[in-house]
Amino acid sequence: MDTPAISTRGLTRRFSDFTAVDDVTFGVAPGQFFGFLGPNGAGKSTTIKMLTGLLEPTSGQMEILGEKFGSSALELKRQIGVVPEGMALLGRLTASEYLRFVGRMYGLDRATTNRRTEELLDFMQLANEPKKLVTDFSHGMQKKLALAAAVIHGPKVLFLDEPSEGVDAIAAGTLTTMLQGMIHRGATIFLTSHVLEIVERLCSHVAIIHKGRLVANGSLEELRAGVAISLGESSNQKLTLEEIFLNVIGAGAGEPAQELSWLS
Amino acid sequence: MAVMISVAARGQYAALAEMRWRMLLNSLRTRRGNFELAARILGIGFFSLLGLAMGIGLGFGAFEFASDGKLQFLPFLIWPVLFLWQLTPVMVASFQEHVDLSVLLRFPVSFGSYLLQYLVYGLFDISSILGGICLAGIWTGLVCAQPHLVAWVTLALVAFAAFNLLLTRMIFAWLDRWLAQRRTREILGMVFLFLILGAQLLNPVYYQHSGHRSRMTRSATVHALHTADRVQSVLPPGLAGGAIHEAAGGYEIKALASLGGLALYALAAGALLGLRLRAEYRGESLGEAPQRVAKAEVTRGKAFDFAGPIGAVVEKELRYLARSGVLLYSLVAPLIMLFVLGRGGGASFAARYGLPVGVAYGFLGLTRLVYNSLGGEGPGIQLYFLSPIRFRTILLPTMTGKVVAR
């Protein structure tokens, strides 16, 4: 059996008396497109920060490509790419300057960095504004640039925190094409998103976190079948990911939300 | 150590230097960037001239001490350098660019490289430049007067400079850690504010007790000075000066011991800095967002409840006041000063002018309102513009609230 690309055991993170991530255990196989879902404040970004070495877990274990952060931290950081929550862009650089900086920080030689920078800017349709500073980019352009920076060194595992947030349909299509290409070439992608249609279209496996605890984990078919059984419906009725999500976190059950009758 | 100078690390240093250079060039594309650069050049020029003047003064002082064989007084020159080095960052914090190196943590940067970059940025601080110029002045004065001491002077002053650099960076690293969380930020803010208030009270207290001062016997003064000298001699400026003085007297072992003591202080500061940066490097999070989520569910009792837009703005002003240590301080401090300065009953200068000065001080807070009462609202001011009410309805309670608070 292959070593999982990502595995966690009892991963926990507390902030004072608040537990953001509570005893989370899961595994992601190499080459898998893995969706990590949850409502706002559920612990998705905290989990990604821990998995990318940006936040130390309070307890529990995690391995990326079979290695633990610690003695292998530098080597691991070379193998992973991340689009962090705030994108971590440097606003006073142009897009090409930023990508060249990132490439060199990952240890790429100048020629490779320059070649990949050109290719990424072309692919992301950012090449036509060479003088524009990152701070003057629209939100969608910044997202595309952050994604380009996350992949410039050819990572084996890619972590994406809300990559499609604020991105228009054209840009979303570009991102999807690129991510699918990466999966075909054997990369592993760990994605959080509130846009469930995108997750449903791209991801083969999904985990759902709610109030810091993992409440579902499996392939889409497994989750679909599980929810269908709990609803007492026939398995041939295909539930959408949105329906699965709402049922798993309990928002779909019980009384519907009260309408705001004063809204005209 | 090897990872700090490896090929990969050197490539990263070059990338960082180039990135900073590109950012500087790009900032010059805008008028604002040009103004910022001009202001920075003026600021650095001003401080460099100041440092040069101090360096020349300290150099002459050191030359005199060394020429007259009075090197035991060297700490008198070195202590001001320590205060200058440690206090300048506080004074220039508003216009000095703060570089957040934590953005580098997602890259494969080793801890050694991270620490080195943190220290290198410290080298370009105004405080380091000023302190460096002052120490260079002292070095020049001493070496001109007694060239045979060049090795000892260099060793002692370099060790002292290293201690100062590590101490400043250590203090800032820990301050950053404390300032990152609202609760510790408020505690630290209140400590600073009470220190400032305490400093303002020193003058009246000094005058009140000036009568006792003259009664202090000469022997008691000498005893106090001896005690102060003994204490300062085991502190870094005393150790640096002591090492040079002892080396000049031919007591090499004692000089080495003093240098060792200085090195221990530098190591201690370095260890505390390393402890802090190691925690940052390993992914310590000081963000408060999760706690805020947890606490958001706690419903507080309705302390303030006003109806209408005027009431809403007043309620908002009161909530801001209740949650701001600085505002509470500016509310309380003038009253305390009034009480202190208005107590004098005699015919002294302080008694006659204390109350008017206190009242003037109390009104000082109102001057800010003359300029921009809504300046502190930040992006929230847009809500006022969007509200379907006249602007005077907003201004009235905003101004009234602030005036009443004063």
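Placed above this text is the structure.
Bear in mind that the values here come from a model prediction, so they are computed numbers and not experimental data.

What counts as what
- Residues numbered from 1 in each chain as written.
- Chains lettered and ligands numbered in written order.
- Predicted model: local features only at pLDDT ≥ 70, side-chain atom pairs only at ≥ 80, totals over all residues.
- Helix = DSSP H or I, 4+ residues; strand = E, 2+ residues; numbered from the N terminus.
- Rg over C-alpha atoms; globule rule 2.2 N^0.38 Å.
- Buried ≥ 20, exposed ≤ 12 C-beta atoms within 10 Å, placed from the backbone.
- Contact = placed C-beta atoms within 7 Å.
- Pairing = 2+ DSSP bridges.
- Nonpolar A, V, L, I, M, F, W, Y, C, P; charged D, E, K, R; others polar.
- Axes fitted to C-alpha atoms, helices over the stretch in contact; angles between N-to-C directions.
- Parallel < 35°, antiparallel > 145°, perpendicular 65-115°, else oblique.
- Left-handed = near helix turned anticlockwise from the far one by under 90°.
- Expected span 1.5 Å × (residues − 1).

All right, on to the overall build of chain A then. When helices and strands are counted, chain A shows 9 helices and 9 strands. The C-alpha atoms of chain A give 20 Å as radius of gyration, which agrees with the globular expectation for 264 residues (18 Å, within 12%). Overall size of chain A, expressed as C-alpha extent along the three principal axes, is 60 × 55 × 40 Å. Evaluated residue by residue, chain A yields a buried proportion of 44% over its 264 residues. Residue pairs at least 24 apart in sequence account for 68% of intrachain contacts in chain A once pairs closer than 6 positions are excluded.

Looking now at the overall build of chain B. In terms of helices and strands, chain B carries 18 helices and 0 strands. Across the 406 residues that make up chain B, the buried fraction comes to 24%. Across chain B, the fraction of contacts at a sequence separation of at least 24, relative to all contacts at a separation of at least 6, is 75%.

The next subject is the environment of A:Val227. Residues and elements named next belong to chain A. With respect to the helices and strands, Val 227 occurs in helix 8 (residues 220-231). Classification of Val 227 by C-beta neighbours within 10 Å gives partly exposed; the count is 19. On a C-alpha basis, the gap between Val 227 and Phe 245 in space is 9.3 Å, while along the polypeptide they are 18 residues apart.

Residues and elements named next belong to chain A. By the secondary structure assignment, Gly 27 is in strand 2 (residues 18-28). You can call Gly 27 partly exposed: it has 17 C-beta atoms within 10 Å. Once the C-alpha coordinates of Gly 27 and Ala 228 are considered, the two residues, 201 residues apart in sequence, prove to be 24 Å apart. If sequence neighbours within four positions are ignored, Gly 27 has contacts with Pro 4, Ile 6 and Ser 7.

With that out of the way, let us pick up the pairing of strand 1 (residues 6-15) of chain A. All names here are of chain A. Here 7 bridges tie strand 1 to strand 2, and the two strands are oriented antiparallel to one another. When the bridges of strand 2 are listed, Ser 7 appears paired with Gly 27. Here strand 1 hands over to strand 2 after 2 residues, with Ser 16 in that stretch at a positive phi of 55 degrees.

Listed as interface residues are 23 residues of chain B and, on the opposing side, 26 residues of chain A. When residues of the side of chain B that touches chain A are traced back to their parent elements, those giving at least two are helix 1 (7-27) and helix 12 (289-295) of chain B. By residue number, the principal contributor to the side of chain B that touches chain A is helix 1 of chain B, which donates 9 residues. When grouped by side-chain class, the residues that make up the side of chain B that touches chain A number 11 nonpolar, 8 polar and 4 charged.

Residue and element names in this part refer to chain A. Read from one edge of the open sheet, 3 strands run 2-1-4, paired in antiparallel fashion. Looking at strand neighbours, the two that pair on one side only are strand 2 and strand 4 (59-64), the edges of this open sheet. Averaged over neighbouring strand pairs, the angle between their axes works out to 20 degrees when direction is ignored.

To continue, consider the packing of helix 4 (residues 111-123) of chain B against helix 11 (residues 252-281) of chain B. All names here are of chain B. Interhelical geometry of helix 4 versus helix 11 gives an angle of 125 degrees and a closest axis separation of 10 Å. Regarding the angle of helix 4 to helix 11, the classification is oblique. The way helix 4 lies across helix 11 gives a crossing that is right-handed. Residue-level contacts link Phe 111, Tyr 114, Leu 115 and Tyr 118 of helix 4 to Gly 274, Leu 277, Arg 278 and Tyr 281 of helix 11. A breakdown of the residues in the contact of helix 4 with helix 11 according to their chemical character gives 6 nonpolar, 1 polar and 1 charged.

All right, on to helix 10 (residues 236-248) of chain B then. Every α-helix winds through 3.6 residues per turn, so residues three or four apart in the chain are directed the same way. Residues and elements named next belong to chain B. Taking 1.5 Å of rise per residue, the 13 residues of helix 10 would be expected to cover 18 Å, and the 18 Å separating its terminal C-alpha atoms lies within 8% of that figure. When you tally the buried positions in helix 10, you get 13 out of 13 residues, the bulk of the element. Just past helix 10, the residue Gly 250 takes up positive phi, approximately 85 degrees.

This part takes up the sheet that holds strand 5 (residues 80-83) of chain A. Residues and elements named next belong to chain A. The 6 strands are arranged 5-6-7-3-8-9 in an open sheet whose pairing can be described as mixed. The open sheet has two edge strands, strand 5 and strand 9 (213-219), and neither has a second partner. Averaged over all pairs of adjacent strands, the angle between strand axes in this sheet comes to 15 degrees, irrespective of strand direction. Pairing of strand 3 (residues 33-37) with strand 7 (residues 188-192) involves 4 bridges; the strand directions are parallel. Residue Gly 35 lies in a different strand from strand 7, and its bridge partner there is Leu 191. Contacts between helix 8 and the sheet are confined to strand 8 (205-210) and strand 9, with strand 9 contributing the most and set at about 115 degrees to the helix.

Bringing helix 3 (residues 95-105) of chain A into the picture now. Counting buried positions along helix 3 of chain A yields 10 of 11 residues, so the element is predominantly enclosed. Within the sequence span of helix 3 of chain A, burial applies to A:Ala95, A:Glu97, A:Tyr98, A:Leu99, A:Arg100, A:Phe101, A:Val102, A:Gly103, A:Arg104 and A:Met105. Taken together, the buried residues of helix 3 of chain A touch helix 4 (110-123) and helix 5 (139-151) of chain A together with helix 1 of chain B. Directly beyond the C-terminal end of helix 3 of chain A, a positive phi value near 90 degrees is found at A:Gly107.

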